Amino acid sequence: MSQTNKLKIFNDPIYGFITIPNAFIYDLIQHPYFQRLRRISQMGMSYLVYPGAHHTRFHHALGCMHIMQKAVQTLQFKGVVISPAEEEALYIAILLHDIGHGPFSHAMEHSIVDAVHHEELSLLFMEQLNREFEGKLELAIQVFKGAYPRKFMLQLISSQLDMDRMDYLKRDSFYSGVAEGNINSDRLIQMMHVKDDVLVIEEKGIYSVEKFLVARRLMYWQAYLHKTSVVAELILTKILKRAKELSQNGIQLPCSAPLQFFMMHKIALADFDAETLKNFSYLDDYDIMGAIKAWQFHDDYVLQNLCRMILNRDLLKIQITEEKPDKAELIAFRTKFMNLTSLSEKEANYFVFKGKLKNQAYSKSSDPIYILKKDNSIEDVVEASDQMYLKALSKEVTKYYVCFPKVVLGI
């Protein structure tokens, strides 16, 4: 195949046409590891709240690469020297930053594997691709790990104002219809600069940064932490937990071979050899939904009912409050449910449980967003802004939830 055939364009509903920068990046997009992202939903179970939210990690990764191209062009125009090798490394690192996501994105991050973050898996995939492509990802891996000396390059990939956040806010807002999450990514990118190896936003772009931070806060409470999305994702993790428990007790559950592998073994980061990584690369949303469709007919009361809740969108009741839940009320719910169903306490805990949600739109401590002032000094956006609400956005907000079956309220 000639190289020109590899310089395809994608038609994206957010940005219009997205171009592939070179033939090697086309080969990475064509790789089965990357194509798998077409089968992993970007917003987990949010489609149960927002029916349009069916877009995928594949969409998102291409969008991130596109706006990285815009950012590089802007910085080069302003005199920031970025070599062709560094440019390609930035495109590869942002394209592959989410390649380690498991089924339903964040929903199952700690269910299939044991306390392994998706970014750690992304790095394992990148290292495997580096072996397959004979070292061509070496620089991208250095940038992704933060081991490359030019700090601003990591900030473009992972910071409080990176290409990842810019794309997911704009994209998730578009597909969910939550208009409050929409941001002006073009303006933010045009205002970017580099000062003393730190990514900064020129002072005239401060209002766009303020809008970005408010949009992020609103998207979290209105979409990502919407109570129905939260309870659906919690049920999904409970399904996997129960399935693992039954499997490890010798009960055979119908599901795909890769899912079977992760249900039978407790896999931590240290256990990821080439074979385990290959098994993980075969897993996507379809394995989980296929299993759930089969398990709704299983004899086990817990597994059967949790699966039906997801399939029929007949979920547990969830109450979100500012105060810690009353322990006595939780015990009363559990006792009542046990009496209604003859379940053991351990089984009832799959249906009655509590937890907390945290949201912080902006953190002053971790890699702040810097504003480049007209006198060439830089200042944290919270200090530079005349808006008091930005200080409020820097505070972590904690809310508490209780989940239980509607039947305990007689609904």
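Here, every reference points to the structure presented above.
A quick note: this is a predicted structure, and the numbers were derived from the prediction, not measured. (Residues numbered from 1 in each chain as written. Predicted model: local features only at pLDDT ≥ 70, side-chain atom pairs only at ≥ 80, totals over all residues. Heavy atoms only, no water.)

Caption draft 1: A look at the overall build of the protein. A tally of regular secondary structure across the protein gives 19 helices and nine strands. Taking 2.2 N^0.38 as the reference for a compact globule, 411 residues should give roughly 22 Å; the C-alpha atoms of the protein span a radius of gyration of 23 Å, in line with that estimate. For the protein, the spread of C-alpha atoms along the three principal axes comes to 70 × 55 × 35 Å. In the protein, once contacts between residues fewer than 6 apart in sequence are set aside, the share between residues at least 24 apart is 71%. Averaging the positions of the 48 positive and the 49 negative side-chain charges in the protein gives two centres separated by 4 Å. (Helix = DSSP H or I, 4+ residues; strand = E, 2+ residues; numbered from the N terminus. Rg over C-alpha atoms; globule rule 2.2 N^0.38 Å. Contact = heavy atoms within 4.5 Å. Lys, Arg positive; Asp, Glu negative; His and termini not counted. Charge placed at Lys NZ, Arg CZ, Asp CG, Glu CD.)

Caption draft 2: Examining helix H12 (residues 257-264) more closely. All of the buried residues along H12 are Pro258, Leu259, Gln260, Phe262 and Met263. Buried-residue contacts for H12 involve helix H11 (227-248), helix H13 (274-281) and helix H14 (285-295). (Buried < 20%, exposed > 50% of the residue type's maximum accessible area, 1.4 Å probe, protein only.)

Caption draft 3: How the structure looks around the nonpolar core. Residues Phe34, Leu156, Met166, Ile239, Trp295, Phe351 and Val381 are the most contacted members of the largest nonpolar core, which totals 139 residues. Residues within four places of Ile239 in sequence aside, it is in contact with Ile292, Trp295, Leu303, Leu306, Cys307 and Ile310. (Core = buried A, V, L, I, M, F, W, Y, C linked by side-chain atoms within 4.5 Å.)

Caption draft 4: Highlighting unusual backbone geometry. Although it is not a glycine, Glu134 sits at a positive phi angle of roughly 55 degrees. Relative to the helices and strands, Glu134 resides in the loop between helix H5 (118-132) and helix H6 (138-145). Backbone geometry at Asp197 places phi at a positive 70 degrees, although glycine is not the residue there. Structurally, Asp197 can be placed in the loop between strand E3 (192-195) and strand E4 (198-202).

Caption draft 5: Spotlight on the packing of aromatic side chains. Scanning all chains against the criterion turns up 14 aromatic pairs. A ring pair is formed by Phe24 and Phe133, whose centres lie 5.3 Å apart and whose planes are at 75 degrees; its orientation type is edge-to-face. You can see Phe24 sitting in helix H1 (residues 23-30) and its partner Phe133 sitting in the loop between H5 and H6, a full 109 residues away along the chain. Each of the two residues, Phe24 as well as Phe133, counts as buried. (Phe/Tyr/Trp six-rings, centres within 6.5 Å; stacked < 30°, edge-to-face > 60°.)

Caption draft 6: Local environment of the side chain of Ser363. Among the secondary structure elements, Ser363 is positioned in the loop between strand E6 (353-359) and strand E7 (370-372). The class of Ser363 is buried, set by a relative accessible area of 12%. Leave out the neighbours within four places in its chain, and Ser363 touches Gln160 and Pro368.

Caption draft 7: Inspection of the sheet that holds E6 at higher detail. A sheet is described by the order of its strands in space; here three strands give the open sequence E5-E9-E6, paired in antiparallel fashion. Of all the strands in the sheet, just strand E5 (317-321) and E6 have a single pairing partner and so form its edges. The average undirected angle you get between the axes of adjacent strands in this sheet is 25 degrees. Relative to E5, H11 is tilted by about 120 degrees, and along the sheet it contacts E5, E6 and strand E9 (397-404). (Pairing = 2+ DSSP bridges. Axes fitted to C-alpha atoms, helices over the stretch in contact; angles between N-to-C directions.)

Caption draft 8: Seen up close, the packing of helix H4 (residues 84-95) against H6. Interaxial distance between H4 and H6 falls to 8 Å at its minimum, and their mutual angle equals 65 degrees. The way H4 lies across H6 gives a crossing that is right-handed. Listed contacts from H6 to Ala85, Glu86, Ala89, Leu90, Ile92 and Ala93 of H4 are Leu139, Ala140, Val143 and Phe144. Among the residues making up the contact of H4 with H6, the classes are represented as nine nonpolar, no polar and one charged. (Left-handed = near helix turned anticlockwise from the far one by under 90°. Nonpolar A, V, L, I, M, F, W, Y, C, P; charged D, E, K, R; others polar.)

Caption draft 9: Focus on the sheet that holds strand E8 (residues 378-380). Strand order in the open sheet formed by four strands is E3-E4-E7-E8, with mixed pairing between adjacent strands. Edge positions in the sheet fall to E3 and E8, since each has one partner strand and no second. The mean inter-strand angle of the sheet, taken between neighbouring strand axes irrespective of direction, is 45 degrees. When E3 meets E4, the two strands line up antiparallel, connected through four bridges. Within E4, the residue paired with His193 across the bridge is Val200.

Caption draft 10: Just the side chain of Ser247, in detail. With respect to the helices and strands, Ser247 occurs in helix H11. On the accessibility criterion, Ser247 (2% relative accessible area) is buried. Beyond its immediate sequence surroundings of up to four residues, Ser247 is in contact with Leu253, Met263 and Met264.

Caption draft 11: Representation of H4. With 12 residues, H4 ought to run about 16 Å at 1.5 Å a step, and its terminal C-alpha atoms sit 17 Å apart, in line with that. If you check which residues of H4 are buried, you get Glu86, Ala89, Leu90, Tyr91, Ile92, Ala93, Ile94 and Leu95. (Expected span 1.5 Å × (residues − 1).)

Caption draft 12: Highlighting the pattern of salt bridges. Scanning the entire structure with this criterion turns up 16 salt bridges. Where Arg171 meets Asp12, a salt bridge forms, and the shortest distance between an N and an O atom there is 3.0 Å. Placement of Arg171 in helix H8 (residues 163-176) and of Asp12 in strand E1 (residues 9-12) is noted, with a sequence separation of 159 residues between them. The exposure class assigned to Arg171 is buried, which follows from its relative accessible area of 0%. Note that Glu203 and Lys374 form a salt bridge whose closest N and O atoms lie 3.7 Å from each other. Pair noted here: Glu203 is in the loop between E4 and helix H10 (206-224) and Lys374 is in the loop between E7 and E8, with a separation of 171 residues, a long-range link. A single network of salt bridges, built from pairs that share partners, joins Arg242, Glu245, Asp300, Lys346 and Glu347. (Salt bridge = Lys/Arg side-chain N within 4 Å of Asp/Glu carboxyl O.)

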